[in-house]
Amino acid sequence: MSNDAATGTPTLDGPQQEPPAHGLGASLPPADARAKTEGTFPYAADLWAEGLLWAAILRSPHPHARIVSVDTAAAAEMPGVRAVVTHEDVPGDSAYGRRIADRPVFASEVVRHHGEAIAAVAADHPDTARLAAAAIAVEYEVLDPVTDPEKAFAAEPLHPDGNLIRHIPLRYGDPEITGEVVVEGLYRIGRQDPAPIGAEAGLAVPRPDGGVEIYTASTDPHTDRDLAAACFGLEPDRVKVVVTGVPGATGDREDPGFQIPLGLLALRTGCPVKLAATREESFLGHAHRHPTLLRYRHHADAEGRLVKVEAQILLDAGAYADASSESLAAAVAFACGPYVVPHAFIEGWAVRTNNPPSGHVRGEGAMQVCAAYEGQMDKLAAKLGVEPAELRLRNVLATGDILPTSQTVTCPAPVAELLRSVRDFPLPPLPKDTPEAAWLLPGGPEGAGEPGAVRRGVGYALGMVHMLGAEGADEVSTATVKVHDGVATVICAAVETGQGFATLARQIVQETLGIEEVHVASVDTDQPPAGPAAHGRHTWVSGGAVERAAKMVRTQLLQPLAHKFGMSTELLQITDGKITSYDGVLSTTVTEAMDGKELWATAQCRPHPTEPLDASGQGDAFVGLAFCAIRAVVDVDIELGSIRVVEMAVAQDVGRVLNPAQLATRIEAGVTQGIGTALTENLRTTRGLVRRPDLTGYALPTSLDAPDIRIVKLVEERDVVAPFGAKPASAAPVVTSPAAVASAVRAATGRPISRLPIRPQAAVAAAPAAT
């Protein structure tokens, strides 16, 4: 695919054809689009049940403290209060965690972060529940918090498991070799919050068998069920998680910390219990992107070809481990970026502190190192007097090259093609220096700046992400396809989080069976597991399972016809609801061939296995890789430091376009999220205390902050080991766009720009820059 030069709209190369009305390649609208626009989409916050009680959670006001006592008597005696639970009331495991079970359901002896849960209340009115939670008397012995991750190594252990979660020392090549040109840099990445449109909510309903059903916007329901069941002291089959509508998810829906207290209260009271978190509770309760400190040293020869990369990467995990081990593996493995580096020596650590917990947020690990290694490439280009895009082209990775983890890049890696596409795309015109165009200036028409102080900058970035889980994760998904009376139903526990899986499943069945009406069943844990919604895994693994099941149904449908006409099923094809043979002898409709029968099949998809990184950071840890190139154009008021992103030109390695409209939307959303990382989003803390945990203190980019996003090129080189050959779409632009914006601000101001988000004072030019 390429794009219209004037509009940036994706267009197909070669002769233009009408896109299909359905099936793969069609811009099929999302199945839930109408429900969302009409306000009938079933969010958890809208659920109701007879005899409903309301929950509230008491959270710690301190980032680090010893709990001397907890007195719940006053709360329990309040009219309307039905139950109060603390750590003493957890019948099963007292701690949970997706990778390491180190996070307590309720703090018992020590509080390790601001907002940690202490107790929960169920009452007959939400205000009563909140008042009762506030009435719980907790005596604290306040302790000095450890908030500097560099000091966590020598600090007293914050957790029985210690402060160090993981250390990866990557060793690749000759440590003694040096380059003719050396550049160094220190980079800091802030704490980004997922900031979901809808805050966390859920409903827990007790069952007659002593179990409980939890209705919530989970993105990994089977893992949530297993974690909750262990804390409830129940077998997993007595806990059911039913997935409600997910109001978007970029990692924040993976934390069961809101669900487990709900289930405990429902089991204790014997009544349905509902929780609808406030925005403040949402900020305090779920995981955030890892704040990261990165030190880099790049060695290159006189021509700018990389010789060696040395780096130290320190991830602040906050109070608990969560996804820090996986995030660190991605950060260390991709620390050199999509460049050929013959020698690499990377030290990576993830440590516990008393800061808010960090976890999975789209592009974790990869985003932080992209901002740093691209800053280094800009420094190297400046030192050598080489154009930044040209320097990158001299070093880009290609299929067959070897990563510093010793893994060979076997998937398509068209990095050079991506970079050339954005480099050669026409630049946007300069704004006219007239009052009528004042809105084009940084700060808008009410800004205080002068047009003469505005400088334009152009910057580049290349990013890479891994697909599916890594380091030996068992990636498997199961799907069932049923067909009856001309209608197909897909049953798969892959959660639709906004990534488009439900739409893709419909397209796969339409393509394979020629049936236009396809329904995707709602998700619960009575279905076989499909795994978490992350790293594009549902497009690959769950989509692959749906395709296999649909093909099995196709065989069931075609075999009787093939036998009747003395031919194999391979000689029959299904197009637009019609079955025809290669020679035209057979022609019938799918409905006629079904003849009232019900056909169904269940299939699994499991990609090839990976392996953990070894003691020197080596190993085939990733199933596949995806790449992205972005050219950012910014206008900067070099006196005030205000920044306006004018345009983002994107070229991406997508494998295969399955739904053009949906793909464009995913890329645009990823770029916009990355702009927030670059310019505005930072959950600020003071000695571990979260400052302004609301959407006025945490600045999300709005539609007015979104620039023109030009999808310059979508490279369709199919990955032969992936179903349909497709690659994940949204994580790569999230990873790449912050680095591209920082690169453009460097070009405009001449300042180093080593911290994200970019502070206004960092964008004030020390000397006039060229326009």
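Only a predicted model underlies this, so the values are computations on that prediction, with no experimental measurement involved.

1. Quick notes on the overall build of the protein chain
For step 1, the next point in the chain: From N to C terminus, the protein chain includes 15 helices and 33 strands.
For step 2, the next point in the chain: Computed over its C-alpha atoms, the radius of gyration of the protein chain comes to 27 Å, within 12% of the 28 Å expected for a compact globule of 771 residues.
For step 3, the next point in the chain: Across its three principal axes, the protein chain shows a C-alpha extent of roughly 85 × 75 × 60 Å.
For step 4, the next point in the chain: Relative to its full complement of 771 residues, the protein chain shows a buried share of 60%.
For step 5, the next point in the chain: Within the protein chain, contacts between residues separated by at least 24 positions form 79% of all contacts whose residues are at least 6 apart in sequence.
For step 6, the next point in the chain: Of the accessible surface of the protein chain, which amounts to about 29800 Å², a share of 51% is contributed by carbon and sulfur atoms.
For step 7, the next point in the chain: One way to put it: in the protein chain the 65 positive side-chain charges average out to a point 3 Å from where the 94 negative ones average out.

2. Thoughts on the packing of helix α4 (residues 221-232) against helix α5 (residues 259-269)
For step 1, the next point in the chain: Contact geometry for α4 and α5: axes closest at 10 Å, N-to-C directions at 50°. In terms of orientation, α4 lies oblique with respect to α5. When you trace α4 past α5, the crossing you get is right-handed. For the pair α4 and α5, the contacting residues are D224, L227, A228, C231 and F232 in the first and Q259, I260, G263, L264 and L267 in the second.
For step 2, the next point in the chain: Split into classes, the residues belonging to the contact of α4 with α5 amount to seven nonpolar, two polar and one charged.

3. Remarks on the sheet that holds strand β5 (residues 81-85)
For step 1, the next point in the chain: Spatially, β5-β9-β3-β16-β13-β14-β15 is the arrangement adopted by the seven strands of the open sheet, whose pairing is mixed. The sheet is open, and its two edges are formed by β5 and β15 (239-243), each paired on a single side. The sheet shows a mean angle of 20° between the axes of neighbouring strands, taken without regard to direction.
For step 2, the next point in the chain: For strand β14 (residues 212-216) and β15, the ladder comprises five bridges, and the chain directions are parallel. Across the sheet, I214 pairs through a bridge with V241, a residue of β15.
For step 3, the next point in the chain: Along the sheet, helix α3 (residues 126-135) contacts β3 (53-59), β5 and β9 (117-123); its crossing angle with β3, the most-contacted strand, is approximately 25°.

4. Observations regarding the environment of D220
For step 1, the next point in the chain: With respect to the helices, strands and loops of the structure, D220 is situated in the loop between β14 and α4.
For step 2, the next point in the chain: Taking the C-alpha atoms as reference points, D220 and A534, separated by 314 residues in sequence, lie 9.4 Å from one another.
For step 3, the next point in the chain: Discounting chain neighbours no more than four positions away, the residues touching D220 are R98, G531 and P532.

5. Focus: the packing of aromatic side chains
For step 1, the next point in the chain: Under the criterion given, the structure shown has six aromatic pairs.
For step 2, the next point in the chain: A centroid spacing of 6.1 Å and a plane angle of 85° characterise the contact between Y339 and Y373, whose relative ring orientation is edge-to-face. In this pair, Y339 is assigned in the loop between α7 (324-333) and β19 (343-352) and Y373 in helix α8 (residues 366-384), connecting sequence segments 34 residues apart.
For step 3, the next point in the chain: Across the ring face of F41, the terminal group of K36 is positioned such that the distance to the ring centre comes to 4.9 Å.

6. Description of the environment of S730
For step 1, the next point in the chain: Secondary-structure assignment places S730 in the loop between β32 (708-715) and α15 (731-749).
For step 2, the next point in the chain: In the structure, S730 is positioned 367 residues away from G363 in sequence and 8.9 Å away in space, judged by C-alpha atoms.

7. Quick notes on empty space enclosed by the protein
For step 1, the next point in the chain: Counted by the stated rule, this structure contains four cavities of 30 Å³ or more.
For step 2, the next point in the chain: What lines the largest cavity is a set of 40 residues, among which Q499, G536, R666, A729 and S730 lie closest to the centre.
For step 3, the next point in the chain: Only β20 (454-470), α11 (501-513), α12 (537-564) and α14 (660-679) provide two or more residues apiece to the lining of the largest cavity.
For step 4, the next point in the chain: Looking at the lining of the largest cavity residue by residue, the class counts come to 16 nonpolar, 17 polar and seven charged.

8. A closer look at unusual backbone geometry
For step 1, the next point in the chain: Residue P757 is bonded to the preceding L756 through a cis peptide linkage, with omega at 0°.
For step 2, the next point in the chain: One can find P757 in the segment after β33 (755-756).
For step 3, the next point in the chain: Phi is positive for A195, which is not a glycine, with a value near 45°.
For step 4, the next point in the chain: Considering the arrangement of structural elements, one finds A195 in the loop between β12 (181-189) and β13 (201-206).
For step 5, the next point in the chain: Overall, the relative accessible area of 11% leaves A195 in the buried class.
For step 6, the next point in the chain: In this model, E471 sits at a positive phi of 55°, which is unusual for a non-glycine residue.
For step 7, the next point in the chain: Structurally, E471 is set in the loop between β20 and β21 (477-484).

9. Observations concerning the pattern of salt bridges
For step 1, the next point in the chain: Enumeration over the complete set of coordinates arrives at 36 salt bridges.
For step 2, the next point in the chain: The partner of R295 in a salt bridge is E150, and the shortest N-O contact between them spans 2.9 Å. Taken together, the residues R295 in strand β17 (residues 292-300) and E150 in the loop between β10 (137-142) and β11 (164-172) connect sequence positions 145 residues apart.
For step 3, the next point in the chain: Under the relative-accessibility criterion, R295 is labelled partly exposed at 34%.
For step 4, the next point in the chain: Since its relative accessible area comes to 33%, E150 is described here as partly exposed.
For step 5, the next point in the chain: If you follow the salt bridges from partner to partner, you end up with E374, D378, R392 and R746 in one network.

10. What to know about the confidence of the model for the protein chain
For step 1, the next point in the chain: For the protein chain, per-residue confidence averages 90 on the pLDDT scale, and residues scoring 70 or more make up 94% of the total.
For step 2, the next point in the chain: Contacts from residues 1-16, a stretch scored under 50 in pLDDT, to residues over four places away or in other chains number 33 contacts.

11. Description of α8
For step 1, the next point in the chain: The terminal C-alpha atoms of α8 lie 27 Å apart, and with 19 residues this matches the ideal 27 Å at 1.5 Å per residue to within 8%.
For step 2, the next point in the chain: Remark: G385 follows α8 within two positions and exhibits a positive phi of approximately 70°.

Cut-offs applied
Residues numbered from 1 in each chain as written. Predicted model: local features only at pLDDT ≥ 70, side-chain atom pairs only at ≥ 80, totals over all residues. Heavy atoms only, no water. Helix = DSSP H or I, 4+ residues; strand = E, 2+ residues; numbered from the N terminus. Rg over C-alpha atoms; globule rule 2.2 N^0.38 Å. Buried < 20%, exposed > 50% of the residue type's maximum accessible area, 1.4 Å probe, protein only. Contact = heavy atoms within 4.5 Å. Areas by Shrake-Rupley, 256 points an atom, 1.4 Å probe, with all protein chains shown as cover. Lys, Arg positive; Asp, Glu negative; His and termini not counted. Charge placed at Lys NZ, Arg CZ, Asp CG, Glu CD. Axes fitted to C-alpha atoms, helices over the stretch in contact; angles between N-to-C directions. Parallel < 35°, antiparallel > 145°, perpendicular 65-115°, else oblique. Left-handed = near helix turned anticlockwise from the far one by under 90°. Nonpolar A, V, L, I, M, F, W, Y, C, P; charged D, E, K, R; others polar. Pairing = 2+ DSSP bridges. Phe/Tyr/Trp six-rings, centres within 6.5 Å; stacked < 30°, edge-to-face > 60°. Lys NZ or Arg CZ within 6 Å of the ring centre and 35° of its normal. 1 Å grid on protein atoms, 1.4 Å probe; cavity = no way out; pocket = protein on both sides within 12 Å on 5 of 7 lines; lining within 4 Å. Points joined across faces, edges and corners; volume = space filled by probe spheres on them. Salt bridge = Lys/Arg side-chain N within 4 Å of Asp/Glu carboxyl O. pLDDT = per-residue confidence, 0-100. Expected span 1.5 Å × (residues − 1).

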